[in-house]
Amino acid sequence: MREDSFSYVVDVADELFFEHGVRAVTMERVREVSGVPLRQLYRMFRSKDELLTACLKQRDRTARGALHAYAGRYADPGDNVLAIFDFLDDWFRRPGFHGCVFAGAFGEVGGAAPEVVEVVQHHKQQLLELFTDLAKQTDVVDPDEVGKQLAVLFDGAMAIATFTGNTEAARHARQAAQAVLAAAR
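Since we're looking at a predicted model, the values are computed, not measured.

Undergrad: Can you break down the layout of surface pockets residue by residue, with the values?
TA: In this structure, the largest pocket spans a volume of roughly 430 Å³. Along its surface, the largest pocket is lined by 22 residues, and Arg 59, Thr 62, Ala 63, Phe 87 and Trp 91 are the ones closest to its centre. Those elements that place two or more of their residues in the lining of the largest pocket are helix H1 (5-20), helix H4 (48-70), helix H5 (77-92), helix H6 (101-109), helix H7 (114-136) and helix H8 (143-164). In terms of residue count, H4 provides more of the lining of the largest pocket than any other element does, seven residues in total. Along the lines of polarity and charge, the residues of the lining of the largest pocket split into 15 nonpolar, four polar and three charged. Empty space within the second largest pocket amounts to approximately 290 Å³. As for the second largest pocket, its lining consists of 20 residues, and the residues nearest its centre are His 98, Cys 100, Val 101, Ala 103 and Gly 104. Elements that contribute at least two residues to the lining of the second largest pocket include exactly H1, H6 and H8. When the residues that make up the lining of the second largest pocket are grouped by side-chain class, the tally is 10 nonpolar, six polar and four charged.

Calculation notes
Residues numbered from 1 in each chain as written. Predicted model: local features only at pLDDT ≥ 70, side-chain atom pairs only at ≥ 80, totals over all residues. Heavy atoms only, no water. 1 Å grid on protein atoms, 1.4 Å probe; cavity = no way out; pocket = protein on both sides within 12 Å on 5 of 7 lines; lining within 4 Å. Points joined across faces, edges and corners; volume = space filled by probe spheres on them. Helix = DSSP H or I, 4+ residues; strand = E, 2+ residues; numbered from the N terminus. Nonpolar A, V, L, I, M, F, W, Y, C, P; charged D, E, K, R; others polar.

So, in structure tokens, the structure goes:
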């Protein structure tokens, strides 16, 4: 077992949840894969929902960090806006893509786990703020509105790729985002 068993358990559970879904993964399964005794797991996380919440918080930090990196690649602010859709395109084409873990978690536990709902909503709010900040760096007239439109395109592309397997969704959303930017100038 690793020194930092909390992070190790979160990593193991995150992979299991992402691969198999929240309902299919039990704390016993996390114990089997991690090698951490069940009693110790329950000392770290009082429930599977608490463990899922820790996984989602980690995913949020990782995803937003990657998006910020993509959105800071170019000198032109408009290119940085479009780069968020390049991020999606790259992600959709990776082996093992299973869709948005936030949408999946929300769909599986929904209102039964308020702490999960809170993390999902926080993630989506942070993404909206990122898109709005990117829009503010361009010459659009109403960056708040453009940010909302970009968020819809982003989430829509994720939903299409997740539910249909259409990896072209990110490219289509990128083209729509170009149109949104052009119309908002």
